[in-house]
Amino acid sequence: MTVVDNAVYVDGRRSREPESLDQTVETLAQCGSQRSAFCWIGMLRPTEADIAEVEKEFGLHELAVEDTLHGHQRPKLERYGDTDFVVLRPARYLDDREEVELGEIHLFLGPWFVVTVRHAEEPDLSAVRQRLENDPELLSHGPFAVFYGVLDKIVDDYGPVLDGLQDDVDQIESQVWGGDPAVSQRIYELSREVIEFQRAVDPLAEIFEELRLRLSKKSDDPDLELHRLFRDVNDHATRVRERTQGLRDLLANILTVNSTLVAQRQNEEMTRLTEAGYVQNEQMKKVSSWAAIAFAPTLIAGIYGMNFEHMPELGWALGYPFAVGLMVGLAGLLYVIFKRRGWL
């Protein structure tokens, strides 16, 4: 089987390490009615046959087993008879890829057993087990002490994830004000990362609310200290949810600001193009005006330059001065007209 650790605890201390599930059940039976006796079985990437054997030994509900086999569940706490089924989504920030990697951990909590199922190497629950074993008084509270340890570890690991996301947001702000054209894509990608992370964090509120309702009915419960520890984890989880929502809102504002800046730069570019077009139009007016002024005498000269034998005023003594004067007068008239219109 894919069991990474299998131990029986009595009074919060590691008592025995059975080699199989059958031995684990037999060992617990030998412990009799000791209230604090329970087993903790840790599994990594179990096969369908492994889960089936655990289901048979501990009487797990088929719906919970189905969720474990298929994975991709949202965080939740569900009750099946005297067994609780918990789904948690651990997360870690990958600096080299600037991404949030989400995992999945399933816990089966019975009166005298805990089964933790991991589908990835991270997070390593051996540190949680070691921490709890170093505190027998806490571990003596039974399976829910293990639940607290795992939950506390996952919520604490959310802190570095938020720090990594905050660094990315700070970099994006610099890109936005720096006018980086690729920043829009990065804003979208980071927003998607934050949303995925938020989907792992927000359902924790439902889990803690369910725990509060259960624990509030047990005011005289000897596990009161464990209840206080759960409330402390809830406080941390609340801060994580608030920071996550704050990052999501900040990214939405950054996207709005970036869109405004892009629109502003586009307007400025359009203004520059309009001004350039206006200047070009003024130049075209001047060129067209001078071309029209030059065209008038050219037309007259061209007409009288034709070598026809019979033309009006061809033999007139004042024909030449008249033609030159006509050309100068027409050119001057056009100049005055264009000047008044502001084309010259």
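Figured I'd write up the structure that's included with this text. Keep in mind it's a predicted model, so treat the numbers as computed, not measured.

1. A closer look at the layout of surface pockets
Then comes step 1: By volume, the second largest pocket is sized at about 160 Å³.
Then comes step 2: Forming the walls of the second largest pocket are Ala-205, Phe-208, Glu-209, Leu-211, Arg-212, Leu-215, His-227, Phe-230, Arg-231 and Asn-234.
Then comes step 3: Secondary structure elements with two or more residues in the lining of the second largest pocket: α8 (204-216) and α9 (224-304).
Then comes step 4: The leading source of residues in the lining of the second largest pocket is α8, at 6 residues.
Then comes step 5: Split into classes, the residues belonging to the lining of the second largest pocket amount to 5 nonpolar, 2 polar and 3 charged.

2. Some points on the pairing of strand β2 (residues 13-16)
The side chains of a regular strand alternate, residue by residue, between the two faces of the sheet.
Then comes step 1: Note: strand β1 (residues 3-10) against β2, 3 bridges, orientation antiparallel. Among the inter-strand pairings, Val-10 is bridged to a residue of β2, identified as Arg-13.
Then comes step 2: What sits between β1 and β2 in their antiparallel hairpin is a turn of 2 residues, with Asp-11 showing a positive phi close to 55°.

3. Overview of the pairing of strand β8 (residues 105-109)
Then comes step 1: Of all the 5 residues making up β8, 5 are buried; the element is thus mostly covered by neighbouring parts of the structure.
Then comes step 2: Here β8 shows no split at all, with Ile-105, Leu-107 and Leu-109 on one side and His-106 and Phe-108 on the other all buried.
Then comes step 3: Here β8 hands over to strand β9 (residues 113-118) after 3 residues, the two strands then running antiparallel side by side.

4. Side note on unusual backbone geometry
Then comes step 1: Even without being glycine, Asp-11 reaches a positive phi, approximately 55°.
Then comes step 2: Among the secondary structure elements, Asp-11 is positioned in the loop between β1 and β2.
Then comes step 3: For Glu-98, which is not glycine, the phi torsion reads 50° and is therefore positive.
Then comes step 4: Following the sequence through the fold, Glu-98 ends up in the loop between β6 (91-94) and β7 (99-102).

5. Focus on the sheet that holds β9
Then comes step 1: Taken together, 7 strands build an open sheet; the order of strands is β2-β1-β3-β9-β8-β5-β4 and the sheet is mixed. Single-partner strands in this sheet number two, and they are β2 and β4 (76-80). Taken over all neighbouring pairs, the strand axes of this sheet differ in orientation by 25° on average, direction set aside.

6. Side note on the packing of helix α4 (residues 126-133) against helix α6 (residues 143-178)
Then comes step 1: Two numbers describe how α4 lies on α6: the axes approach to 10 Å, and their chain directions differ by 130°. For the element pair α4 / α6, the angle class is oblique. Handedness of the crossing formed by α4 with α6: right-handed. Contacts between α4 and α6 involve Val-128, Arg-131 and Leu-132 on the former and, on the latter, Ala-145, Val-146, Tyr-148, Gly-149, Val-150, Asp-152 and Lys-153.

7. A look at a nonpolar patch on the surface
Then comes step 1: Together, Phe-295, Leu-299, Ile-303 and Tyr-304 make up a nonpolar patch on the protein surface, roughly 380 Å² of accessible area in all.
Then comes step 2: Judged by relative accessible area, which is 44%, Leu-299 ranks as partly exposed.

8. What to know about a negative patch on the surface
Then comes step 1: On the surface, Asp-95, Asp-96, Asp-167 and Asp-170 cluster together into a negatively charged patch.
Then comes step 2: Structurally, Asp-95 is set in the loop between β6 and β7.

9. Quick notes on helix α1 (residues 21-30)
Then comes step 1: Among the residues of α1, Leu-21, Thr-24, Thr-27 and Leu-28 are the ones counted as buried. Considered in projection along α1, the buried side chains sweep an arc of 120° and stay on one side of the axis. In this structure, α1 carries Glu-26, Ala-29 and Gln-30 as exposed residues pointing more than 90 degrees from its buried face.
Then comes step 2: Those residues of α1 that are buried lie in contact with β1, β2, β3 (38-44) and α2 (48-58).

10. Description of the nonpolar core
Then comes step 1: Within the largest apolar cluster, 54 residues are counted, with the highest numbers of intra-cluster contacts made by Leu-88, Phe-147, Leu-151, Tyr-158, Leu-165, Phe-197 and Leu-204.
Then comes step 2: A per-element tally of this core places α6 first, with 15 residues.
Then comes step 3: When sequence neighbours within four positions are dropped, the list of residues in contact with Phe-197 reads Ala-91, Val-100, Leu-102, Tyr-158, Val-161, Leu-162, Leu-165, Val-240 and Thr-244.
Then comes step 4: Core analysis: the second largest hydrophobic core is formed by 22 residues, Val-10, Cys-31, Leu-60 and Phe-108 among them.

11. Observations concerning the packing of aromatic side chains
Then comes step 1: Across all of its chains, the model carries 11 aromatic pairs by this definition.
Then comes step 2: Ring centres 5.5 Å apart and planes at 25° place the aromatic pair Tyr-9 and Phe-38 in the stacked group. Of the two residues, Tyr-9 is situated in strand β1 and Phe-38 in strand β3; the sequence distance between them amounts to 29 residues. Phe-38 carries the same exposure label as Tyr-9, and that label is buried.
Then comes step 3: On the numbers, 5.3 Å between centres and 75° between planes, the contact of Trp-112 with Phe-113 is edge-to-face.
Then comes step 4: Judged by its relative accessible area of 31%, Trp-112 falls in the partly exposed class.
Then comes step 5: Residue Phe-113 is classed as buried on the basis of its relative accessible area of 2%.
Then comes step 6: The ring of Trp-40 carries Arg-129 above its face, with NZ or CZ at 4.0 Å from the centroid.

Reading guide: rules and limits
Residues numbered from 1 in each chain as written. Predicted model: local features only at pLDDT ≥ 70, side-chain atom pairs only at ≥ 80, totals over all residues. Heavy atoms only, no water. 1 Å grid on protein atoms, 1.4 Å probe; cavity = no way out; pocket = protein on both sides within 12 Å on 5 of 7 lines; lining within 4 Å. Points joined across faces, edges and corners; volume = space filled by probe spheres on them. Helix = DSSP H or I, 4+ residues; strand = E, 2+ residues; numbered from the N terminus. Nonpolar A, V, L, I, M, F, W, Y, C, P; charged D, E, K, R; others polar. Pairing = 2+ DSSP bridges. Buried < 20%, exposed > 50% of the residue type's maximum accessible area, 1.4 Å probe, protein only. Axes fitted to C-alpha atoms, helices over the stretch in contact; angles between N-to-C directions. Parallel < 35°, antiparallel > 145°, perpendicular 65-115°, else oblique. Left-handed = near helix turned anticlockwise from the far one by under 90°. Contact = heavy atoms within 4.5 Å. Patch = residues over 30% accessible without salt bridge, like charges linked within 9 Å, V, L, I, M, F, W, Y side chains within 5 Å. Areas by Shrake-Rupley, 256 points an atom, 1.4 Å probe, with all protein chains shown as cover. Salt bridge = Lys/Arg side-chain N within 4 Å of Asp/Glu carboxyl O. Lys, Arg positive; Asp, Glu negative; His and termini not counted. Charge placed at Lys NZ, Arg CZ, Asp CG, Glu CD. Arc of directions from axis to C-beta. Core = buried A, V, L, I, M, F, W, Y, C linked by side-chain atoms within 4.5 Å. Phe/Tyr/Trp six-rings, centres within 6.5 Å; stacked < 30°, edge-to-face > 60°. Lys NZ or Arg CZ within 6 Å of the ring centre and 35° of its normal.

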